[in-house]
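Report on the structure
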Amino acid sequence: MPTNQGFQDNTPAVIMSSKQSLPAPKSVDTQSVLKRLQSELMCLMMSGDPGISAFPEEENIMSWKGTILGSTETVFEGMEYKLSLSFPTDYPFKPPKVKFETACFHPNVDAFGNICLDILQDQWSSAYDVRTILLSIQSLLGEPNISSPLNTQAAALWSNQEEYRKMVLKLFKPAS
């Protein structure tokens, strides 16, 4: 009796009826998230981008601490800001929660360190990574979105850069 290539004669045929369904695919594999974050860490360390850095907190790769330096020729020049990044279990399909740990007087940062930045909310894409996030926040420091302020006092003062810088220096308390 002829046999099918790759099958033994005693292999039962499996036929699924139209009423049977395949198991639901997992939304995100934890190992994939860990590999992605490990890869992003390596890329960030190798990128050499000035003024940004981030590393996992102790042994928890889902929680990072980041640092951003204020860009030259902005009111934030010479300032170093600490950030926390908390990655959800469905990262990169959902954005991390990113907050300033250092007090930051900025139109798009509230008193609790929350950041109003489109790529951390409705404009998130799984193509973004930690490097992109940090560079975007660094850019936001010098180029705020005045039309969407979390801090209305900072937004109102933004047009007077000399007074704004005084307020930044007054309120700046480096995180330890």
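Residues numbered from 1 in each chain as written. Predicted model: local features only at pLDDT ≥ 70, side-chain atom pairs only at ≥ 80, totals over all residues. Heavy atoms only, no water.

To keep things clear, this is the line we draw: UniProt positions are given in the numbering used here, feature names are shortened, and annotations may be inferred rather than shown by experiment.
You'll find the protein chain entered in an unreviewed UniProt entry as E2 ubiquitin-conjugating enzyme, with Kingdonia uniflora given as the organism. As recorded by UniProt, the Sequence similarities (unreviewed entry) comment attached to the protein chain reads in full: "Belongs to the ubiquitin-conjugating enzyme family."

1. What to know about the pattern of salt bridges
Condition: What counts as a salt bridge is simple: a side-chain nitrogen of Lys or Arg found within 4 Å of a carboxyl oxygen of Asp or Glu. Secondary structure is summarised from DSSP: a helix means a run of H or I of at least four residues, a strand means a run of E of at least two, and numbering begins at the N terminus for each.
Enumeration over the complete set of coordinates arrives at four salt bridges. Residue Glu80 pairs with Lys82 through a salt bridge whose shortest N-O separation is 3.2 Å. A salt bridge links Glu163 to Lys166; the shortest N-O distance between them is 3.2 Å. Placement of both Glu163 and Lys166 in helix α4 (residues 161-171) is noted, with a separation of three residues, approximately one turn of the helix.

2. So, the nonpolar core
We apply this condition: Definition of nonpolar core: a set of buried residues of the types Ala, Val, Leu, Ile, Met, Phe, Trp, Tyr and Cys, connected through side-chain atoms within 4.5 Å. Summary of the burial criterion: residues with accessible area below 20% of their type's maximum are buried, those above 50% are exposed, and those between are partly exposed, where the area comes from a 1.4 Å probe applied to protein chains only. Only heavy atoms enter the contact rule, under which two residues are in contact if any of them lie within 4.5 Å.
With 40 residues, the main nonpolar core has Trp64, Phe76, Tyr81, Leu83, Phe100, Ile115 and Ile137 as its most contacted residues. No other element matches helix α2 (residues 130-142), which puts six residues into this core. Leave out the neighbours within four places in its chain, and Tyr81 touches Gly66, Thr67, Ile68, Phe76, Phe100, Thr102, Ala103, Cys104, Leu141, Val168 and Phe172.

3. A closer look at the sheet that holds strand β4 (residues 97-100)
Formally: Strand pairing is assigned whenever DSSP detects at least two bridges linking the two strands. Axis lines are fitted through C-alpha atoms, for helices just across the contact stretch, and the angle between N-to-C directions can take any value from 0 to 180 degrees.
Taken in spatial order, the four strands of this open sheet run β1-β2-β3-β4, and their pairing is antiparallel. Since the sheet does not close on itself, it has two edges, and those belong to β1 (52-57) and β4, each with one partner. The average undirected angle you get between the axes of adjacent strands in this sheet is 25 degrees. Across six bridges, β1 lies against strand β2 (residues 60-69) in antiparallel orientation. Residue Pro56 lies in a different strand from β2, and its bridge partner there is Trp64. Strands in contact with helix α1 (residues 30-47) are β1 and β2; relative to β2, the strand with the most contacts, it is inclined by about 25 degrees.

4. A look at the UniProt feature "active site" (unreviewed entry) in the protein chain
On the UniProt side, "active site" (unreviewed entry) is annotated at positions that read Cys116 here. For Cys116, the position within the fold is in the loop between β4 and α2. Among residues more than four places away in sequence, those in contact with Cys116 are Asn108, Gln121, Leu140, Ser148 and Leu150.

5. Looking at the confidence of the model for the protein chain
What counts is decided by this rule: Per-residue confidence from the predictor is given as pLDDT, running between 0 and 100.
Confidence in the prediction for the protein chain averages 86 pLDDT; 82% of positions are at 70 or higher. The least confident element of the protein chain is α4, whose mean pLDDT is 92; the most confident is β4, at 98. Across residues 1-26, where pLDDT falls below 50, the model places five contacts with residues more than four positions away in sequence or in other chains.

6. Focus: the packing of aromatic side chains
Note the cut-off: Only Phe, Tyr and Trp rings are paired, with Trp represented by its six-membered ring, and only when their centres lie within 6.5 Å; those with planes under 30 degrees apart are stacked, over 60 edge-to-face, the remainder tilted.
On inspection of all chains with the given rule, the structure shows ten aromatic pairs. The interplanar angle of 70 degrees and the centroid separation of 6.1 Å between the aromatic rings of Phe76 and Tyr81 together place this pair among those described as edge-to-face. Both residues of the pair, Phe76 and Tyr81, belong to the buried class. Ring centres 5.7 Å apart and planes at 90 degrees place the aromatic pair Tyr81 and Phe100 in the edge-to-face group. Of this pair, Tyr81 sits in strand β3 (residues 80-86) while Phe100 sits in strand β4, and the two are 19 residues apart along the sequence. Across the pair, exposure class does not vary: Tyr81 and Phe100 are buried alike. In this structure an aromatic cluster arises from ring pairing among Phe76, Tyr81, Phe100, Phe105, Trp158, Tyr164 and Phe172.

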